[in-house]
Amino acid sequence: MAAPIGTDLSAALLTAPVPASDWLVILPVVHCIMLGALMLMLRAHVRLHAVIAVLGLAALVVIDAVLLKRVMDDGPVTMVMGRWLPPFGIAFTVDLFGALMALAAAIAALAGSLYALTDIDAGGRRFGFFPFLMLLMAGVSGAFLTGDIFNLYVWFEVLLISSFGLLILGSEREQIDGAMKYAVLNLIGTTLFLIAVGYLYAIFGTLNMADIALKAAGLRDAAPLVTLAALFLLAFAMKAAVFPVNFWLPASYHTPRIVVSALFAGLLTKVGIYALIRVMVMLLPVEREALSLMIALVGAATVIIGALGALAQTDIRRMLGYVIISGIGNMLAGIAVGTPDGVSGSVFYALHSVVLMMALYLLAGQAACLGGSFQIGALGGLYRERGWFAAVSLILFLAACGLPPFSGFWPKVILVKASLDIGAWWLAAALLTGGFLTTICFGRVFLLAYWRPAQAPVKAVAIGWQSALPLLALTGLVTGFGILPEPLLSLAQAAAGSLADPAAYIHSVFPEGAPN
Amino acid sequence: MEPLFAILVGLFFFAAVYLLLSKFSIRIMLGIAILGNAVNLLLFTAGRLTREVPPIIPADLDALPAGAANPLPQALILTAIVISFSFLAFLLVLTYRAYQDIGTDNTDEMRVAEPDDPPLPPVGY
């Protein structure tokens, strides 16, 4: 990339200051890091942590909502760091997909921070639950908003190290065992991603996503891009817990505090799916086409294996771990189909899954709090004792199975239709079978833990507002988007459309045309 | 120079994968350390290797001289080294703690979170 002597590179330098409104693009990340740092400074005053975290995450929801509004009005927004313009400088580029995911993640994290008020005891707070949560959100937001692939790697690492901290909070034997597997396998996953980035840099000589999307067309014959795409696929599939590289997830997600499990379930695998969609659909669409049969096979296997795994579990938390995997298979099917319809199904499913998985784990925590155990066999009588809680559970279970009228139904319909449209009837069959098996699975939970007479007397603990509010709010979202899917559906379609045709994204990074 | 480095990187990957496939967590840690270095070398090689012209802009020019070393991979590697070093430190502490608490570093026997014979799911009321 060294320019010949005498070339005037001043055009690559930014001379005007960044407009104040562009700071909005990076604000979610800065906000989270600053609050995390503030909490570390206040580590002697643990009581303040919870207040700062809840207010801070509420502010994050507002920031992300404003950002989403801005992206809806103006199209993708880019902010350049330092004085170097892309492709040399680091750019944060937000498009509709990234902004939507960031907003969903912020909502889930806010719900989690409320639930944590009761779930995380003084010890967990002293070990720094809330600072870790803020840093995790910094990593997640950064991954959703960045426009540079090496930056994506760095944000992956930021969220990974915070998740390690959250995972071993409490240091029980189970947690350490789960954390070993989670840490080693996830680290190998991100290292694979770094290998892919190395090859990407060798081929393209650039790391800016918009620049890569531009250059990919010209290099298709000259470079082994399918191999590169396969490497990215493996790396992100490992992050997203796709079969057959999913086994770290059920080994570790049931070990930490329930709110930590919920945060992981809501956020982390979705970051993997986000990266997969970004790279496979936007940057390397032709290579995705070449690999689509494999992605479809892997997706179908993930749906079925996840659902079968869920059927075989007796611990609700482990069962939910497999349900996450099954959901990941659904999103993968949309990527395999690759038409704007299919991708919009994946986007919708990802948004729905962030909210739903969060809610399901919080629900499991609450059920265990009432019934005294996470084992399905030991629970019982919840329906008689807590009518509204059983109603909320049923809504979330139906949404997880993909049954109407809740939010799981629509993405599933889109995905099944998209696979039928390209003639992949077996993929549609796999998705439907997965949904059927999940229905059996949740039906059994409802039957045994709710309808069956109590095994042990249900504890007379009152469900505090700290637990009830996030549960009801998330259930409200699930129901709302099930009954009125139109706004989210059109947003998901617009997001998929801009991924399929990244002209606006590229224009936002290179407003004056791309450099050669 | 590049083919030599390619072979070196291949050897590093070979050793890393061999160690990662081991049963004992301390060997896996060594594998991760080597894997991190393999990737750093890969990034370095990807950015074109030269050692004749340092990437410094002379006083009378406003661009790099032709054939200068590429500074970007070095910046990337610097980031990656810091990250992989901190992760390795964390993992080593975690491994030691796991050895203390679980009493083994054989991954086959580390089954606290996933017991060997979990109860079967209930079939009826």
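Values in this document were obtained by computation on a predicted structure and should not be read as measured data.

The rules behind each value
Residues numbered from 1 in each chain as written. Chains lettered and ligands numbered in written order. Predicted model: local features only at pLDDT ≥ 70, side-chain atom pairs only at ≥ 80, totals over all residues. Heavy atoms only, no water. Helix = DSSP H or I, 4+ residues; strand = E, 2+ residues; numbered from the N terminus. Rg over C-alpha atoms; globule rule 2.2 N^0.38 Å. Buried < 20%, exposed > 50% of the residue type's maximum accessible area, 1.4 Å probe, protein only. Contact = heavy atoms within 4.5 Å. Areas by Shrake-Rupley, 256 points an atom, 1.4 Å probe, with all protein chains shown as cover. Lys, Arg positive; Asp, Glu negative; His and termini not counted. Charge placed at Lys NZ, Arg CZ, Asp CG, Glu CD. Salt bridge = Lys/Arg side-chain N within 4 Å of Asp/Glu carboxyl O. Buried area = accessible area lost by both parts, 1.4 Å probe. Polar contact = N/O pair within 3.5 Å; in protein donor to acceptor, adjacent residues only side chain to side chain. UniProt positions renumbered as here; feature names shortened; annotations may be inferred. Core = buried A, V, L, I, M, F, W, Y, C linked by side-chain atoms within 4.5 Å.

With that out of the way, let us pick up the overall build of chain A. Summing up its helical and strand segments, chain A has 21 helices and 2 strands in all. A compact globule built from 516 residues should have a C-alpha radius of gyration of about 24 Å, and chain A, at 22 Å, falls within 12% of that. Viewed in the frame of its principal axes, chain A has a C-alpha envelope of about 85 × 60 × 40 Å. Across the 516 residues in chain A, those meeting the buried criterion constitute 64%. A sequence separation of at least 24 residues applies to 81% of the contacts in chain A between residues at least 6 apart. Accessible surface computed for chain A: about 17300 Å², of which carbon and sulfur atoms make up 70%. The averaged location of the 24 negative side-chain charges in chain A is 14 Å from the averaged location of its 25 positive side-chain charges.

With that settled, consider the pattern of salt bridges. All names here are of chain A. By the definition in use, this model includes 14 salt bridges over all chains. Between Asp74 and Arg70 there is a salt bridge, with the nearest N and O atoms lying 3.2 Å from each other. Note that Asp74 and Arg70 are positioned in helix H2 (residues 46–74) at a spacing of 4 residues, about one turn of the helix. Look at Asp74 and you get exposed, because its relative accessible area is 54%. Lys215 is the partner of Asp211 in a salt bridge, and the nearest nitrogen-oxygen pair spans 3.4 Å.

Tallying the contact residues gives 54 residues for chain A and 46 residues for chain B. When chain A packs against chain B, close to 4200 Å² is buried across both sides, 75% of that on carbon and sulfur atoms. Counting across the interface, chain A meets chain B through 1 salt bridge. A:Arg318 is paired through a salt bridge with B:Glu114; the nearest N and O atoms lie 3.1 Å apart. Our enumeration of links across chain A and chain B arrives at 4 residue pairs in polar contact (both at pLDDT 80 or more). Contributing elements (two or more residues each) for the side of chain A that touches chain B: helix H6 (149–167), helix H7 (173–204), helix H10 (248–252) and helix H18 (425–451) of chain A.

Residue and element names in this part refer to chain B. Here the UniProt-annotated "transmembrane region" (unreviewed entry) positions come out as residues 6–21, 28–46 and 75–96. Measuring from the first to the last C-alpha atom of residues 28–46 gives 26 Å, for a span that is 100% helix and 0% strand. In residues 75–96, the share of helix is 100% and the share of strand is 0%. The end C-alpha atoms are 32 Å apart.

The next subject is the nonpolar core. Residue and element names in this part refer to chain A. If you look at the biggest cluster of nonpolar residues, it comprises 232 residues, and the most contacted ones within it are Phe129, Phe193, Tyr253, Leu267, Leu360 and Tyr450. Looking at which element gives the most residues to this core, the answer is helix H11 (residues 258–283), with 20 residues. Excluding anything up to four places from it in sequence, Leu267 contacts Ala105, Ala108, Leu136, Met137, Val140 and Val354.

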